[in-house]
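# Breakdown of the fold
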Amino acid sequence: MIIKAELEDISIIQDLAKRSWEVTYANILKPEQIDYMLDLMYSSDAIRIHLENPNFHYYLIKENNEFLGFIGFEFHQELGTTKLHRIYFLKEAQGKGLGKKALNFIKEEVKKIGDKRIILAVNKNNQAKSFYESQGFKVYDEGVFDIGNGYVMDDYLMEFVL
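Heads up: these notes are all about the structure in this document.

About the cut-offs
Residues numbered from 1 in each chain as written. Predicted model: local features only at pLDDT ≥ 70, side-chain atom pairs only at ≥ 80, totals over all residues. Heavy atoms only, no water. Pairing = 2+ DSSP bridges. Helix = DSSP H or I, 4+ residues; strand = E, 2+ residues; numbered from the N terminus. Axes fitted to C-alpha atoms, helices over the stretch in contact; angles between N-to-C directions. Buried < 20%, exposed > 50% of the residue type's maximum accessible area, 1.4 Å probe, protein only. Lys, Arg positive; Asp, Glu negative; His and termini not counted. Salt bridge = Lys/Arg side-chain N within 4 Å of Asp/Glu carboxyl O. Contact = heavy atoms within 4.5 Å.

## Considering the sheet that holds strand S5 (residues 117-123)
- Strand order across the open sheet formed by seven strands is S1-S2-S3-S4-S5-S7-S6, with mixed pairing between neighbours. At either end of the open sheet lies a strand with only one pairing partner, and these are strand S1 (2-4) and strand S6 (138-148). This sheet shows a mean twist of 30° between the axes of neighbouring strands, independent of strand direction.
- In this structure, strand S4 (residues 81-89) lies alongside S5, joined through three bridges in parallel fashion. Bridged to Thr82 within S5 is Ile118.

Structure follows, in structure tokens:
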């Protein structure tokens, strides 16, 4: 089940982010960088600002009365382009087809709004890259982004054209 997140769901998003990041990035980033990025990207204020933006949407993924993941995307982040900012699942949810369902949901929402392209950034060492490729995304560029505190994000930039 895919449920639109509201302000009262901020703590659920924060919990899912922390639990999924600890597994996803354990062998990619240092624990200090994970903590820094979680604080930066998932503070209550940061999520509240997203939820107050009419183009930014968070959805929670729930199965058997348990929250297993979430997605966050922004319509019109560039002209004709939606950016998938966040898609994370708990370890126990992986391999159940939920990621594919979530991406298909996003593709349908993007079609409704009229954007023609979905973009995302994925860490160069994240196994999720092959998952995105299996869902029709292609690498169109690479980027190294300074996120402060001496840390960078070294990513593949991927796109799906509708």
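## Some remarks on the side chain of Lys107
- When you line up the elements, Lys107 lands in helix H4 (residues 98-113).
- One buried charge, Lys107, has no salt-bridge partner; the nearest side chain with opposite charge is Glu108, at 8.5 Å.
- Excluding its chain neighbours within four sequence positions, the residues that come into contact with Lys107 are Ile118, Gln135, Phe137, Phe160 and Leu162.

## Here we look at the pattern of salt bridges
- With the rule as written, the count across this model stands at twelve salt bridges.
- In this structure, the salt-bridge partner of Lys111 is Glu108, at a minimum N-O distance of 3.4 Å. With a gap of three residues between them, Lys111 and Glu108 both fall in helix H4, about one helical turn apart.
- Here Lys129 and Glu133 are joined by a salt bridge, their closest N and O atoms 2.8 Å apart. Here the residue Lys129 and the residue Glu133 both occupy positions in helix H5 (residues 128-134), the gap between them amounting to four residues, near one helical turn.

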